[in-house]
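# Examining the three-dimensional arrangement
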Amino acid sequence: MPSASFTSRSYVRRSRRKGGNRIALPTTRTSSADPCEPQNIPGPNFALAPSAAPGVSTSSSSPINLNAPNTSGGGASNPVVPSTSTSPPGTSSSSPNSANSSHQSPYDLRKKSPTISHDSWAAAGPSSSTPHQFQCIPSISNSSTNSDMGCFLLPARKRPRRIYSTSTDSTVTSAAHYLQYEMPDEVLLTIFSYLLEQDLCRLSLVCKRFNTIANDTELWKRLYQSVYEYDIPLFNPEVCKFHFVKPEDSDFANPWKESFRQLYRGIHVRPGYQERKYKGRSISYFNTVQAALDYADERTGTSTTLTPNSVNSLNCSSSSSNSSSMAIDDNNVPDNTGSLIFLHAGHYRGEFLVIDSDVALIGAASGNVAESIVLERESESTVMFVEGAKHAYVGHMTLKFSPDVTSTVPHHKHYCLEVGENCSPTIDHCIIRSTSVVGAAVCVSGVGAIPVIRHCDISDCENVGLYVTDYAHGTYEHNEISRNALAGIWVKNFASPIMRENHIHHGRDVGIFTFDNGMGYFEKNDIHNNRIAGFEVKAGANPTVVKCDIHHGQTGGIYVHENGLGQFIENRIHSNNFAGVWITSNSNPTIRKNEIYNGHQGGVYIFGEGRGLIEHNNIYGNALAGIQIRTTSDPIVRHNKIHHGQHGGIYVHEKGQGLIEENEVYANTLAGVWITTGSTPVLRRNRIHSGKQVGVYFYDNGHGKLEDNDIFNHLYSGVQIRTGSNPVIRGNKIWGGQNGGVLVYNGGLGLLEQNEIFDNAMAGVWIKTDSNPTLKRNKIYDGRDGGICIFNGGKGILEENDIFRNTQAGVLISTQSHPILRRNRIFDGLAAGVEITNNATATLEFNQIFNNKFGGLCLASGVSPIVRGNKIFNNQDEVEKAVSGGQCLYKISSYTSFPMHDFYRCQTCNTTDRNAICVNCIKTCHAGHDVEFIRHDRFFCDCGAGTLTNQCQLQGEPTQDTDTLYDSAAPMESHTLMVN
């Protein structure tokens, strides 16, 4: 052993580290299986010591004995340490100055004067405290700069040699001084590594140097892992909350010691350890869980949770203000703390655990803790919580229920984990498995059942994963629920759990099933790849589902049926094989603010008398209709965006109904809205635009109301009505259609009232093929073709409409059509006001036709309309003026309009039936030719257009057109695919 003299030895000085609980090591220190392995430890770190040294004798008659606390038990991990009560070799037992020198205690050494008598040290000895009753010593800061510290604060190599007396007291003092200040740190650390936690706590109170070494993190890590086996520290900051924290992420200077302190009250189930006894440790071991529970009940009684021995054994604090305390006091123990039981690695079979008190059971093992501890039963429930378990806890273990399939004992009411009435346990980080083909893996039932189940894995069960029923509540968070044979979760009979951030997937049935008045709040769950719906609601159930991801279901996303309710808010519902949301059989959920997209079929499908409020959703990119309503269903659909569908936007069929208002429907591949087969929805204040076909399409007896909508910029017509459909179209603005505003054909009906129809590329309204709509008080204007075109047997009643500023005729009636026009105003047209041609007829009563460019009423040959009470006035009659002035009619029409007048053929020039020559060109350009009169009708002059062989002498502008157009271009009819 090295000399006790500071001046005769040289070793590395300890660095002062912030926190003071760990010494600085010049080389990396690793946990060694050999606790005597020498370590490179820096020199001592000096600070003021406490005024007494409880646990270590300092009197002259009681030499220091580090072996005392560890004389029995402990096996190889607790070897006997040699006594250090005698003077170290090389230390003088007497001194020439012994008569005038006094012995100094560890506390006196910190004072300014080194000449304090042995009597005064002995008087301040151990009489103030017994070895087994330790009082917390106030910490003294290391930052003192008092000059009175004298030579004591000098570094070790600069400290002067001290001379001691030869008396017995001097020998003891020399040994104490050597241990506390002279012995190399590596030797002390090696000695301390043989000690247990209570001994280390006592030694940490001797002096600052002992405190620093006794709080070494590697010492406590090795000690901690021998007791608890965890790879990283586990903390228990509050009741029913345990969490692992990496040492580098911890706020504690010594996280291993702090974790040890928080967990020290625990009882351990560790087979083979029950007979082991340790001095310096107050831990109880048992071979079975039930024995530990019985012991816990006996120990705690009704209120006590900590034994006096466990408190006293660790009721010590360090002398440094930066050290972690091992004290267990009112400020450090969570309120209502019950017994704590650690289950070490093993497979515990057949233990029937009924927990009725505030006990915490937690797995203790290295690696994956939960996989190392298995509780398993074959009959009755594996773990059951009953009344009284208000703050019970089970965590970090595997629970299994594996009933014998050949057994005659019924187990349909037995579960892997069961939570009964009036208890609120916490189940945390557990793996839960059940092979029972009936019941559920986890059952929570009864009034007052309010568990917290979090971070659990409930998977691969042959039944339901989690079953919450009979008014139970509880919080269920961050669980993995997957691959179960039946539903991942059942909620029924007024149960109302809170489920957040669970992962529910790949179930062989539905993901979550709420039924029979089940309720609950489901937030931020990831639900996907389940064989049936991701979320099913049935029979009066009324859950609230918020911000969940419901996707890739093998059927649908959400299925609400048989009077189901529920609120589905801000969810992402996508990529499901069937519809994203199904609503049927008198169900009435609220579907609000969801993203519903990329479904392999439709977005929202409402059928079989379904209802519901569908609002503020973003519905897009679905393979079929964004919303489909059928079979007398009657939902409210409002404030949604329905767009970029691969099919239509909204499809209402088979007597579907519904209030559809204030939605934006746009950029869909087929019709924006389809209404067919006896359906009668009401569409109000929607914006339906930019579709690749029709805006709103009524066909096959589709009815309903279309009111106050904006319908614009469609590739086909804004509105199409056909085959017996009879809607009411009122107060809409219909513009920008590339194929016209409204097309009524193939026997279509309908009332069009008070609409604005304008700026369409073709006619504002088309009526054809035996259709018979009624148009009242509409404004049809600024069309790039005609205002209203009626042809191919079209009928209709046109009353009190304003038709103005259209490029072609205000009203064109052709090909056996016979409408009725009453009290309309037709004015300011760029062609004729009313033109009737091709054997059509009409009834014109009390109309006003004025200020039109080509004339007011223009009748082709053979046309005899019924005309009564009309006012035709102030028309510009530019056709007649051009004829009278000898102009070619092409001058006033170009090839974009068709003035009505006499037109001829020239047989000399061999013109065809599709060529027309105006009367002035016949007189001038074809004078002397063999010509014939064809009829009085609509045409533009081919001679003036320069399409004939001879050049027009009236200098018409040339064009590439070769055929005279007698009618406006026919509209494109929609042949939208019907999908039921």
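Definitions and limits used
- Residues numbered from 1 in each chain as written.
- Predicted model: local features only at pLDDT ≥ 70, side-chain atom pairs only at ≥ 80, totals over all residues.
- Heavy atoms only, no water.
- Helix = DSSP H or I, 4+ residues; strand = E, 2+ residues; numbered from the N terminus.
- Contact = heavy atoms within 4.5 Å.
- Areas by Shrake-Rupley, 256 points an atom, 1.4 Å probe, with all protein chains shown as cover.
- Core = buried A, V, L, I, M, F, W, Y, C linked by side-chain atoms within 4.5 Å.
- Buried < 20%, exposed > 50% of the residue type's maximum accessible area, 1.4 Å probe, protein only.
- Disulfide = S-S within 2.5 Å.
- Phe/Tyr/Trp six-rings, centres within 6.5 Å; stacked < 30°, edge-to-face > 60°.
- Lys NZ or Arg CZ within 6 Å of the ring centre and 35° of its normal.
- Pairing = 2+ DSSP bridges.
- Axes fitted to C-alpha atoms, helices over the stretch in contact; angles between N-to-C directions.
- Parallel < 35°, antiparallel > 145°, perpendicular 65-115°, else oblique.
- Nonpolar A, V, L, I, M, F, W, Y, C, P; charged D, E, K, R; others polar.
- pLDDT = per-residue confidence, 0-100.
- Polar contact = N/O pair within 3.5 Å; in protein donor to acceptor, adjacent residues only side chain to side chain.
- Patch = residues over 30% accessible without salt bridge, like charges linked within 9 Å, V, L, I, M, F, W, Y side chains within 5 Å.
- Salt bridge = Lys/Arg side-chain N within 4 Å of Asp/Glu carboxyl O.
- Expected span 1.5 Å × (residues − 1).
- Arc of directions from axis to C-beta.

## Describing the overall build of the chain
Along the chain, the regular secondary structure elements total 14 helices and 75 strands. In the chain, of all internal contacts separated by at least 6 residues, the share reaching a separation of at least 24 is 56%. Within the structure as shown, the chain displays about 37,700 Å² of accessible surface, and the carbon and sulfur contribution to it stands at 48%.

## Describing the nonpolar core
If you look at the biggest cluster of nonpolar residues, it comprises 189 residues, and the most contacted ones within it are Phe192, Leu361 and Phe385. Here this core takes 5 residues from helix α6 (residues 217-227), the largest share from any one element. Aside from chain neighbours lying at most four places away, what touches Phe385 is Ile355, Ala392, Val394, Leu417, Glu418, Val419, Gly420, Cys423, Pro425 and Ile427. Counting 18 residues, the second-largest nonpolar core is a separate cluster that includes Ala625, Tyr697, Met762 and Phe791.

## Brief notes about the state of the cysteines
Structurally, a disulfide amounts to a covalent bond that connects the sulfur atoms of two cysteines. All told, the structure shown has 0 disulfides when counted by the stated rule. Distance from the sulfur of Cys888, which forms no disulfide, to the nearest cysteine sulfur (Cys921) is 3.6 Å. Accessibility expressed as a relative area gives 1% for Cys888, which makes it buried.

## Describing the packing of aromatic side chains
For the coordinates displayed, the defined rule picks out 40 aromatic pairs. Their ring planes at 80° and their centres at 5.3 Å tell us that Tyr228 and Phe260 sit as a pair that is edge-to-face. In this pair, Tyr228 sits in the loop between α6 and β1 (234-238) while Phe260 sits in helix α7 (residues 255-263), placing the two residues 32 residues apart along the sequence. With respect to class, Tyr228 is no different from Phe260; both count as buried. Between the aromatic rings of Tyr904 and Phe933, the centroid separation amounts to 5.5 Å while the plane-to-plane angle is 70°, which identifies the pairing as edge-to-face. Taken together, the residues Tyr904 in strand β73 (residues 900-906) and Phe933 in strand β75 (residues 931-938) connect sequence positions 29 residues apart. Taking the relative accessible area as the measure of exposure, Phe933 reaches 42% and is therefore partly exposed. Taken together, the ring pairs in this structure connect Trp220, Tyr224, Tyr228, Tyr230, Phe244, Trp256, Phe260, Tyr264 and Phe342 into an aromatic cluster. Positioned over the ring face of Tyr273 is Arg270, at 4.2 Å from the centre of the ring. When the ring centre of Tyr273 is taken as reference, the NZ or CZ atom of Arg276 above it lies at 4.1 Å.

## Some remarks on the sheet that holds β75
Read across the open sheet, the 3 strands follow the order β74-β73-β75; overall the sheet is antiparallel. On the outer flanks of this sheet lie β74 (917-918) and β75, each paired with one strand and no other. Both β73 and β74 contribute to a ladder of 2 bridges, which runs antiparallel. Note on β74: the bridge partner recorded for Phe903 is Cys918.

## A closer look at the pairing of strand β40 (residues 627-630)
Side chains Ile627 and Ile629 project from β40 onto one buried face, and the interleaved Gln628 and Arg630 project onto a second face that is buried too. Sheet topology places β40 next to strand β43 (residues 650-653); 4 bridges connect them, and they run parallel. The partner of Gln628 across the bridge, within β43, is Tyr651.

## Regarding the environment of Lys891
For Lys891, the position within the fold is in helix α12 (residues 890-893). Given a relative accessible area of 49%, Lys891 falls into the partly exposed group. Distance from Lys891 to Gly944, taken between C-alpha atoms, is 7.5 Å for residues 53 residues apart in sequence.

## A closer look at the packing of α6 against α7
At a closest axis distance of 8 Å, the pairing of α6 and α7 adopts a crossing angle of 40°. In terms of their interaxial angle, α6 and α7 are classed as oblique. Contacts from Thr217, Trp220, Lys221, Leu223, Tyr224, Gln225 and Val227 in α6 reach Trp256, Lys257, Ser259, Phe260 and Leu263 in α7. A class-by-class count of the residues in the contact of α6 with α7 yields 7 nonpolar, 3 polar and 2 charged.

## Here's the deal with the confidence of the model for the chain
When pLDDT is averaged along the chain, the result is 81; 75% of the residues meet or exceed 70. Residue range residues 1-166 is modelled with pLDDT below 50. Its contacts to residues more than four positions away, or to other chains, number 302 contacts.

## With respect to unusual backbone geometry
Its identity is not glycine, yet Asp759 carries a phi of approximately 55°, on the positive side. For Asp759, the location among the structural elements is in the loop between β57 (756-758) and β58 (765-768). Positioned with a positive phi, Gln816 is a non-glycine residue whose angle comes to about 60°. Mapped onto the secondary structure, Gln816 falls in the loop between β64 (811-813) and β65 (820-822).

## Description of the side chain of Glu845
When you line up the elements, Glu845 lands in strand β68 (residues 843-845). Given the relative accessible area of 8%, Glu845 is considered buried. A polar side-chain atom of Glu845 sits 2.9 Å from a polar atom in the side chain of Arg822. Residues in contact with Glu845, not counting those within four places in the same chain, are Leu821, Arg822, Arg823, Arg868 and Asn870.

## Re a nonpolar patch on the surface
A cluster of nonpolar side chains, Val447, Tyr471, Phe494 and Met519, forms an exposed patch at the surface whose accessible area comes to about 350 Å². Positionally, Val447 belongs in the loop between β16 (440-445) and β17 (452-454).

## Remarks on the pattern of salt bridges
According to the stated counting rule, one finds 40 salt bridges in the structure shown. Linking Asp185 and Arg209 is a salt bridge whose minimum nitrogen-to-oxygen distance equals 2.5 Å. Separated by 24 residues along the polypeptide, Asp185 in helix α3 (residues 185-192) and Arg209 in helix α5 (residues 208-214) bring together distant segments of the chain. With respect to class, Asp185 is no different from Arg209; both count as buried.

## Here we look at α6
Among the 11 residues in α6, 8 count as buried, and that is most of the element. Within the span of α6, buried status applies to Thr217, Glu218, Leu219, Trp220, Arg222, Leu223, Tyr224 and Val227. The opening residue of α6 is Asp216, an N-cap whose side-chain oxygen sits 3.2 Å from the backbone nitrogen of Glu218. With its phi angle positive at about 75°, Glu229 sits one or two positions after the end of α6.

## Re helix α8 (residues 289-300)
The terminal C-alpha atoms of α8, which comprises 12 residues, lie 16 Å apart, in line with the 16 Å expected from a rise of 1.5 Å per residue. Within the span of α8, buried status applies to Val289, Ala292, Leu293, Ala296 and Thr300. Looking straight down α8, one finds its buried side chains confined to an arc of 100°; they lie on one side.

## Topic: the side chain of Asn502
The residue Asn502 is located in the loop between β23 (498-500) and β24 (503-505) in this model. Judged by relative accessible area, Asn502 falls into the buried class, the value being 2%. Ignoring any residue separated from it by four or fewer positions in sequence, one finds Asn502 in contact with Tyr476, Glu477, His478, Asn479, Lys524, Asn525 and Asp526.

## Here we look at the environment of Ser357
Checked against the element boundaries, Ser357 lands in the loop between β7 (353-355) and β8 (360-364). Owing to a relative accessible area of 22%, Ser357 belongs among the partly exposed residues under this scheme. The spatial distance from the C-alpha of Ser357 to the C-alpha of Val386 is 8.5 Å, given a sequence separation of 29 residues.

## What about the environment of Leu486?
Mapped onto the elements of the fold, Leu486 is located in the loop between β21 (480-482) and β22 (489-492). Along the backbone, Leu486 and Val438 are 48 residues apart, and their C-alpha atoms lie at a distance of 9.5 Å. Dropping the residues within four chain positions of it, Leu486 is found in contact with Asn463, Val464, Asp509 and Val510.

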